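# Coordinate inspection notes
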Amino acid sequence: MSDSRPRKRLLVSFYGAWLALLRRILHWWVRSTVLPEDLDELELDPDRPVFYMIDSYALSTTLIVEQICVDLGWRRPLAPFEVGDTRLSRSFGANRRSGGVFFRRRKKRRHSRILAELIEREDLDTLGPVQIVPVTVLIGRAPDKEESFFKILFSENWAVGGRLKRLFSTFINGRATMVQFGKPVTLERIFAETDDREQALRRISRVLRVHFKRVRTAAIGPDRSHRRTLVERVVKSPAVREAVEAKARRENVSVERAEASARDYAREIAADYSYTFIRIADLLLSWFWSRIYRGVTVHHFSQFRDRAPGHEVVYVPCHRSHMDYMLLSWLLYHRGFVPPHIAAGVNLNMPLVGPLLRRGGAFFLRRSFRSQPLYASVFNQYVTMILDRGVSLEYFIEGTRSRTGRLLPPRAGMLSITVRAFLRNPKKPLMFQPVYIGYERLAEGSSYISELSGRQKKPESLSDFRNVINILRKNYGEVAVSFGEPIMLNRLLEAHHPDWVEEPVPDSAKPKWLPGLVDDLAHEIMVNVNRAADVNPINLLATALLASRKQALDEDDLERMIGLLKDVIILSSYSDRITVTPMTPGQVIEYGLELGVIERQQHQLGNIIRTDPTNAVLLTYFRNNIAHLVAISAWIACCFLNVQRVRKDRLLQLSRFVYPFIRRELFLPWDEEALSGVIEQCTGALTELGLLRSSTEFLQRAAGGSDESYYLRLLGGSLLQTFERYFITVAVLVKNGSGRLTRQQLERLCMLSAQRISLLHEFEAPEFYDRTLFKQFIESLFESNILGRDDDGNLTFDRELENFARDAKLVLAKEIRHTIIQATPELPELTREAA
């Protein structure tokens, strides 16, 4: 008996040394990505006992987690676990285990044996502080597919694998290992719900099973069958069969020929997801981002990660650059989520490029298919099928890249298709995830400058890829990706049609309540994108410099103005998801000089910071990125450009008239009932910053020539071009008279007037070339009942519009108003010039 104890200790020591050796060998080969990236999000208490739970036991899994805990300085899973009088041989358990030497089968059990032993052996008060930390280890994570035996054999999937498979999987895919720690579950929280040990064990086990399943689903993804199989299923679906027969009757062709057309459409549309391509793209993009960007900053991802499990996810980011979809897919892949299927315009389905994009998850759609019922049916059915399989989607509801830096009016087509696809088979609740993407420099900057200056957009072509070499030679600063507040479709469905569950919508039906729901959904997405904005140094520099007459400021004034802009944004409390650069104003200026967007001119009386005309055009883009954050404060500042004192009730009256136009253009979050509170908060902020003085009835700015008056004028200047554009529209209407212009004629005259003013008077206003902005304002005039139509379709208005033109003198200087009135033509005059 006395000889057995030393022998046992010797065996334990030998086994420990053997595991340590295996761990070091494994560490030499395996490269793990640990999630979450910010481990503080776990809120793990280092002073409390920690017990790890892994999903499925494997020696390699245990050793990988052991090495990570050693690196982090955490409690080790292989170390003995002690709590109270209980001592266990290890500090981890496995939710599932498999048995068998050659053919592994999962053991049927409801609980982890060692977890059950822990709960049964110690009193509940002693166990309360114990933290159960779930850990998921995925080696070579990949979606289930049926096209490659090799990948099925050695990639992480839902099947039970044997020891040999695990060995080869670790050898082949070990450098693509993901280790995700979940938030700890404290036993005291479980025991607060029940003091029955058996019931507590069942509850813990159920929580762990749900957690592990959700993490694996997010990382590995659902079944993505072979493209050819999916195409056939789409073509053979009842909805497409009906559309095929209708096309055969309508065009007097055979059903076989119509079916062949449907099959061609499905092939044109369908993605061809390839995990091999994703892995290669990940390596290339990681290298590419490191070459052109200083870093990719991510905000509010943890909130998204907590909300996403149990939902079908549709990512709806803003569209600023071709980098957007690559960046978001790469980021999701690196943080443990499967890259989504991305709706791309058919213009990107170019030779060589199209097939590669398909393998990355892109599926293609035509710009419009209202006159093509068969194509529409095939596309709708394809979206329905991939959504039914739990595949996440991504699309840009703006329809195209923004050339002005503002969000574009949403196009509701894809939203409507997605909502109807969900209604056909509502398996899981659907979540729309808005994403804000902010850049400090644009890779497409040169093309945007020409388009912002009025030239036609150049269509995409293979020759564009020659610019990649030029892109690699430049530094584009940092990129911010910020996850906004998600929108749950069920909530909107309950609001618009409470009986949607009991009254399923037929495939061919389009209920009357659907357009209103889709419009509300689109608007809420845009608002939530804006509410997640990130304010970077270039945004601040652009807003401050472009408010000056010659895009130049004294360096001290610029520093003060940047500080004021930061304070205005923070004090306005726009949203709790708004993030602002931590750089000081001086650091912001140095950063802008380093990126080459501004230049410093030495002068004996003080340095001047300025930008050249080319950069000034592009800086309007970055100013517009955050225009919504300072819009109300800038509007208030505009009211003091030409007067020193304004009555508070007069300011609120003017604000109620102007706000609907600004709200529609900038997707502001407040309804008109909340406006008075917002005005009060913003005037309070401006008063706190010393830019305004408040009395019982009046608001007053400092006397002209003071620093405070100057900075208030600069703040108002950030929104001044918007009001110039509004006044151009009103001036064209008033000059031509009521009932004399059609809407199309008005839009054309506004564009021509704006362009002429920009050319003759050097207003740095590239947004004057954006027809969309004029369309939005005209539509707002209709919604406010300021504009109407007569029987001939001509635009009509009354004295309210003339009052609008009269009130403009409060905001616009006399010189500007006179210039605009002189430049706006009458329709007969324009007709004579055209003749």
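The notes below deal with the structure included here.

What counts, and at which threshold
- Residues numbered from 1 in each chain as written.
- Predicted model: local features only at pLDDT ≥ 70, side-chain atom pairs only at ≥ 80, totals over all residues.
- Heavy atoms only, no water.
- Helix = DSSP H or I, 4+ residues; strand = E, 2+ residues; numbered from the N terminus.
- Buried < 20%, exposed > 50% of the residue type's maximum accessible area, 1.4 Å probe, protein only.
- Contact = heavy atoms within 4.5 Å.
- Areas by Shrake-Rupley, 256 points an atom, 1.4 Å probe, with all protein chains shown as cover.
- Core = buried A, V, L, I, M, F, W, Y, C linked by side-chain atoms within 4.5 Å.
- Pairing = 2+ DSSP bridges.
- Axes fitted to C-alpha atoms, helices over the stretch in contact; angles between N-to-C directions.
- Parallel < 35°, antiparallel > 145°, perpendicular 65-115°, else oblique.
- Left-handed = near helix turned anticlockwise from the far one by under 90°.
- Nonpolar A, V, L, I, M, F, W, Y, C, P; charged D, E, K, R; others polar.
- Patch = residues over 30% accessible without salt bridge, like charges linked within 9 Å, V, L, I, M, F, W, Y side chains within 5 Å.
- Salt bridge = Lys/Arg side-chain N within 4 Å of Asp/Glu carboxyl O.
- Lys, Arg positive; Asp, Glu negative; His and termini not counted.
- Charge placed at Lys NZ, Arg CZ, Asp CG, Glu CD.
- 1 Å grid on protein atoms, 1.4 Å probe; cavity = no way out; pocket = protein on both sides within 12 Å on 5 of 7 lines; lining within 4 Å.
- Points joined across faces, edges and corners; volume = space filled by probe spheres on them.
- Right-handed = clockwise from strand over helix to strand, strands pointing away.
- Expected span 1.5 Å × (residues − 1).
- Arc of directions from axis to C-beta.
- Phe/Tyr/Trp six-rings, centres within 6.5 Å; stacked < 30°, edge-to-face > 60°.
- Lys NZ or Arg CZ within 6 Å of the ring centre and 35° of its normal.

Turning next to the overall build of the protein. When helices and strands are tallied, the protein shows 34 helices and 28 strands. The 835 residues of the protein split such that 54% are buried. For the protein, restricting intrachain contacts to residue pairs at least 6 apart in sequence, the fraction spanning at least 24 positions comes to 77%. Carbon and sulfur atoms make up 51% of the accessible area of the protein, which totals about 38,500 Å².

Membership of the largest hydrophobic core comes to 201 residues, with the highest contact counts inside it found for Phe363, Phe432 and Trp635. In terms of residue count, the dominant contributor to this core is helix H29 (residues 707–736) (14 residues). Look past the residues within four positions of Trp635 in its chain and what remains in contact with it is Leu651, Leu654, Ser655, Val658, Ile662, Ile679, Leu719, Phe723 and Val811. One finds Leu88, Leu118, Ile132 and Val185 within the second-largest nonpolar core, a separate group that totals 22 residues.

To continue, consider the pairing of strand S17 (residues 478–483). Counting buried residues in S17 gives 5 out of 6 residues, a clear majority hidden from the surface. As paired strands, strand S11 (residues 295–299) and S17 are joined by 5 bridges and run parallel to one another. Across the sheet, residue His299 finds its bridge partner in S17, namely Ser482. Pairing between strand S16 (residues 430–439) and S17: 5 bridges, direction antiparallel. Looking at S17, one finds that Gly438 is bridged to Ala480.

A word on the sheet that holds strand S20 (residues 552–554). Taken together, the 3 strands give an open sheet; going across it, the order is S20-S23-S22, and neighbouring strands pair in antiparallel fashion. If you trace the sheet from one side to the other, it starts and ends with S20 and strand S22 (599–601), each paired once. Adjacent strand axes in the sheet meet at a mean angle of 25°, parallel and antiparallel pairs treated alike. Relative to strand S23 (residues 608–610), S22 runs antiparallel, the two being bridged by 3 bridges. Counterpart to Arg600 in the pairing with S23 is Ile609. Along the sheet face, helix H23 (residues 555–571) touches S20, S22 and S23 and points at about 100° away from the line of S20.

Here we take up the packing of H29 against helix H32 (residues 799–807). Where H29 meets H32, the closest approach of the two axes is 10 Å, and the angle between their N-to-C directions is 135°. Taken together, the axes of H29 and H32 lie oblique to each other. Both H29 and H32 take part in a crossing whose hand is left-handed. Note on element contacts: H32 touches H29 through Leu801, Glu802, Phe804 and Ala805, opposite Tyr726, Phe727, Val730, Leu733 and Val734. Of the residues contributing to the contact of H29 with H32, the split by class is 8 nonpolar, no polar and 1 charged.

On the surface, a cluster of positive charge is made up of Arg110, Arg202, Arg206 and Arg209. Here Arg209 shows up in helix H8 (residues 197–220). Judged by its relative accessible area of 40%, Arg209 is partly exposed.

Counted by the stated rule, this structure contains 10 cavities of 30 Å³ or more. Volume-wise, the second largest cavity comes out at about 70 Å³. Surrounding the second largest cavity, Glu312, Leu387, Asp388, Ala421, Phe422, Asn425, Pro426, Lys427, Lys428 and Leu430 form its lining. Listing elements by their share of the lining of the second largest cavity, those giving two or more residues are helix H16 (373–388) and helix H17 (413–424). Looking at the lining of the second largest cavity, its residues break down into 5 nonpolar, 1 polar and 4 charged.

Here we take up the sheet that holds strand S24 (residues 645–647). The strand order across the open sheet formed by 3 strands is S24-S26-S25, and the pairing between neighbours is antiparallel. Each edge of the open sheet carries a strand with a single partner, namely S24 and strand S25 (692–694). With direction set aside, neighbouring strand axes in the sheet form an average angle of 25°. Here 3 bridges tie S25 to strand S26 (residues 698–701), and the two strands are oriented antiparallel to one another. Across the sheet, the residue bridging to Arg693 is Gln700, located in S26. Contacting S24, S25 and S26, helix H27 (residues 648–666) crosses the sheet at an angle of about 75° to S24.

Glancing now at unusual backbone geometry. Trans peptide bonds make up most of the peptide bonds, and negative phi angles are found at most residues other than glycine. Pro36 follows Leu35 through a cis peptide bond whose omega is -5°. Relative to the helices and strands, Pro36 resides in the loop between strand S1 (32–35) and strand S2 (50–56). Positioned with a positive phi, Gln551 is a non-glycine residue whose angle comes to about 55°. Structurally, the position occupied by Gln551 is in the loop between helix H22 (537–545) and S20. With a relative accessible area of 11%, Gln551 lands in the buried category. Of note, the phi angle at Asn785 is positive, near 60°, even though the residue is not glycine. Note on placement: Asn785 falls in the loop between helix H31 (771–783) and strand S27 (788–789).

Let us now look at the packing of H22 against helix H25 (residues 613–625). Remark: H22 packs on H25, axes separated minimally by 8 Å, with the N-to-C direction vectors making an angle of 110°. With respect to their mutual orientation, H22 and H25 come out roughly perpendicular. In this structure, H22 contributes Ile538, Asn539, Ala542 and Thr543 to the contact, and H25 contributes Leu619, Phe622, Arg623 and Asn625. Looking at the contact of H22 with H25 residue by residue, the classes come out as 4 nonpolar, 3 polar and 1 charged.

Take the pairing of strand S14 (residues 362–365) next. Residue alternation in S14 divides its side chains into two sets, Ala362 and Phe364 and Phe363 and Leu365, and both sets are buried. Bridging between strand S13 (residues 341–345) and S14 involves 4 bridges; their strand directions are parallel. Residue Ile342 lies in a different strand from S14, and its bridge partner there is Ala362. The parallel pair S13 and S14, bridged by helix H15 (residues 353–359), forms a crossover whose chirality is right-handed.

Before going further, it helps to examine helix H28 (residues 675–688). Here H28 contains 14 residues, and its C-alpha end-to-end distance of 20 Å stays within 8% of the 20 Å for a straight helix at 1.5 Å per residue. For H28, the full list of buried residues reads Leu675, Val678, Ile679, Cys682, Thr683, Ala685 and Leu686. One side of H28 holds all its buried residues, which, seen down the axis, span an arc of 155°. Counted as exposed and oriented over 90 degrees from the buried face of H28: Glu680 and Glu688.

The next thing to look at is the pattern of salt bridges. Between side chains of opposite charge, pairing is possible as soon as their charged atoms come close. If you walk through the whole model with that rule in mind, you get 33 salt bridges. For the salt bridge of Glu232 with Arg263, the shortest nitrogen-to-oxygen distance reads 2.8 Å. On the criterion of sequence distance, the pair formed by Glu232 in helix H9 (residues 227–236) and Arg263 in helix H11 (residues 255–269) is long-range, its members being 31 residues apart. A salt bridge links Arg743 to Glu779; the nearest nitrogen and oxygen atoms lie 2.8 Å apart.

According to the stated counting rule, one finds 29 aromatic pairs in the structure shown. Between Phe422 and Trp500, the aromatic rings sit 5.9 Å apart at their centres with planes inclined by 40°, giving tilted as the arrangement. One end of the pair, Phe422, is in helix H17; the other, Trp500, is in the loop between helix H20 (489–496) and helix H21 (514–530), and 78 residues separate them in sequence. Here Trp635 and Phe723 contribute two aromatic rings whose centre-to-centre distance is 5.3 Å and whose plane-to-plane angle is 50°, an arrangement assigned as tilted. Of this pair, Trp635 sits in helix H26 (residues 627–638) while Phe723 sits in helix H29; the two residues are 88 residues apart in sequence, bridging distant segments of the chain. The two residues Trp635 and Phe723 agree in class, both being buried. Through a chain of ring-to-ring contacts, three or more aromatic side chains come together here, namely Phe288, Trp289, Tyr293, Trp330, Tyr439 and Tyr476. Over the ring of Phe301 we find Arg335, and its NZ or CZ is 5.2 Å from the ring centre. For the cation-ring pair, Arg441 lies above Tyr476, with the distance from its terminal atom to the ring centre recorded as 5.5 Å.

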